[in-house]
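# Close look at the chain arrangement
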Amino acid sequence: MSYPSHIKSALDRLKLVSLEGLTAGYVEELVGQSEEVKRQPLVEHEFWDAFHLLREITNKALNEKLQAGREKERAQSRLVSRTPESRPQSQDYQPSIPQERREVRRYLGNLIYSIRQLKFQQPKLINAYKENDKRSQELQIQLDIENASFLKSAAISDKILELEKQIASIHNDKSMGQSASEKSIKQNSLREEIRRLKESRRVNQPTVNKRLSESQKLFFESEIEIKKLEDEINSLNSELQAYKEAIQLFSVIQCEVNGSEREIFLGPFVDARNTQGFEYWTSTSNFGSSLIGKKVGEQFQSEDSSVSIKEIRLPDPSWLEDLMHPAHWEGEFILRLPDARRHIELWGQSPGFSNNSRHTKGG
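So, a few notes on the structure that sits alongside this text.

So, how was this worked out
Residues numbered from 1 in each chain as written. Predicted model: local features only at pLDDT ≥ 70, side-chain atom pairs only at ≥ 80, totals over all residues. Heavy atoms only, no water. Core = buried A, V, L, I, M, F, W, Y, C linked by side-chain atoms within 4.5 Å. Buried < 20%, exposed > 50% of the residue type's maximum accessible area, 1.4 Å probe, protein only. Helix = DSSP H or I, 4+ residues; strand = E, 2+ residues; numbered from the N terminus. Contact = heavy atoms within 4.5 Å. Pairing = 2+ DSSP bridges. Axes fitted to C-alpha atoms, helices over the stretch in contact; angles between N-to-C directions. Parallel < 35°, antiparallel > 145°, perpendicular 65-115°, else oblique. Left-handed = near helix turned anticlockwise from the far one by under 90°. Nonpolar A, V, L, I, M, F, W, Y, C, P; charged D, E, K, R; others polar. Salt bridge = Lys/Arg side-chain N within 4 Å of Asp/Glu carboxyl O. Phe/Tyr/Trp six-rings, centres within 6.5 Å; stacked < 30°, edge-to-face > 60°. Lys NZ or Arg CZ within 6 Å of the ring centre and 35° of its normal. Polar contact = N/O pair within 3.5 Å; in protein donor to acceptor, adjacent residues only side chain to side chain.

To continue, consider the nonpolar core. Counting residues in each nonpolar core, the largest one holds 32 residues, and the members touching the most others are L108, L111, L240, F250, F265, L320 and L323. Residue assignment for this core shows that the elements contributing at least two residues are α6 (104–172), α8 (210–245), β4 (278–282) and α10 (317–323). With 10 residues, α6 is the single largest residue contributor to this core. Grouped together as the second largest cluster of nonpolar side chains are 17 residues, A10, L22, V27 and A50 included.

The structure is reproduced here in structure tokens:
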């Protein structure tokens, strides 16, 4: 049977020739045996992306049912609440929830990778600063040696000039005090001394100092490494800063609803559920979608409730990885929650880490 190219690519990733034999157990076994996943654990989500793409074809009826339910919910919400005050949106509101068929699990995998990468690169940058300090000190030592060699070479040149003047003076001496033979002996002695001094000066030339050249090379390499790490960290900070500034899919929201404190985790759930003091709230609900794009300090009305946003955080990547387990998912939606006894873990390092100032070197 002939398949479209994107389906054929998914089958190739799972080493299948048809949709027969497609099970979660098969993919788990394939992932467990994959050398690529062992080298790069986050590559695992590519296998599950392929699985869910193919599973979507075989479970089209479920997706249609979920879509119909959401459309019915939206239609009922529009009938119940038509006034602008019931669900206002900030002027700069930009829905950032991935739309249908936009690979939500890949979106989650990229988020996990970005947090992990930032946590991984921060200590690397600190170590790079320390290494740069060591190389800077070594370079300064070699520069001091080079400067001393330069001063020594200059002194030798002055001495050579003085000896050459003495040779010229002997040559120009017309007195009868010295014979030609005596003058020649003295001149040859002075010329020998000049040759010795020139050899000493040659050895001390900068081009001969290999350690200086190596120190300069290592120092410039450490400068390039620091710039590379700083650029990558700044890029990751910029990406993750969006989660701190405005609510997105997979945000953890501390808010007040009608004066009551609530902690909400916004995700692609089929429905909303309250577990141990915090809530899994579906991003496709009227209330959940009204949270998207809201910022800290913003107040608004949703479903006859007064909502005030207090804080926006991200879950810890290890917690998100548990959420990413294929057992929780069906297509683009989470049907089953992670361990309900386990409270959501927040990421300990908030976005906004900046370590591109050189006064932090060695810290």
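Attention shifts here to the environment of G267. With respect to the helices, strands and loops of the structure, G267 is situated in strand β2 (residues 260–267). With relative accessibility at 0%, the residue G267 sits in the buried group. Considered as a pair, G267 and I334 are 67 residues apart in the sequence and their alpha carbons are 8.0 Å apart. If we skip the residues at most four places from it in the chain, G267 touches L249, W281, T282 and S283.

Residues F300 and S302 point to one face of strand β5 (residues 299–302) and are all buried, whereas Q299 and Q301, pointing to the other face, are not buried. Pairing between β5 and strand β6 (residues 305–313): 4 bridges, direction antiparallel. Bridge pairing links Q299 to S308 in β6.

Along β4, 5 of the 5 residues are buried, which leaves the element largely enclosed by surrounding structure. Where burial is concerned, the two faces of β4 agree: the one with F278, Y280 and T282 and the one with E279 and W281 are both buried. Note that β2 and β4 share 5 bridges and pair parallel. Directly across from I264, in β4, lies its bridge partner E279.

Moving on, we get to the packing of α6 against helix α7 (residues 180–203). Packing of α6 against α7 leaves a shortest axis separation of 10 Å and a crossing angle of 165°. Our classification of the angle between α6 and α7 gives roughly antiparallel. For the crossing formed where α6 meets α7, the hand is left-handed. In this structure, α6 contributes K152, S153, I156, S157, K159, I160, L163, E164, Q166, I167, I170 and H171 to the contact, and α7 contributes K183, K186, Q187, L190, R191, E193, I194, L197, K198, S200 and R201. Across the contact of α6 with α7, the residue classes break down as 8 nonpolar, 6 polar and 9 charged.

Another aspect to go through is the pattern of salt bridges. Per the stated rule, a full pass over the model turns up 14 salt bridges. For the salt bridge of E192 with R195, the shortest nitrogen-to-oxygen distance reads 2.6 Å. Highlighted residues: E192 and R195, both in helix α7, separated by 3 residues, approximately one helical turn. We classify E192 as partly exposed; its relative accessible area is 43%. Counted as one network, the salt bridges with shared partners bring together R13, E36 and E46.

Another point: the packing of aromatic side chains. Counted according to the given criterion, the structure contains 7 aromatic pairs. Arranged with centres 6.1 Å apart and planes meeting at 65°, the rings of F265 and F269 form a pair that is edge-to-face. An identical accessibility class is assigned to F265 and F269; each is buried. One aromatic cluster in this structure is built from Y107, F250, F265, F269 and Y280. Above the plane of the ring of F47 lies R13, whose end atom (NZ or CZ) is 4.6 Å from the centre.

All right, on to the environment of R196 then. Looking at the element boundaries, R196 is found in helix α7. Note on R196: relative accessible area 47%, which makes it partly exposed. Taking the C-alpha atoms as reference points, R196 and I160, separated by 36 residues in sequence, lie 9.8 Å from one another. A distance of 2.4 Å separates polar atoms of two side chains, one belonging to R196 and the other to E193.

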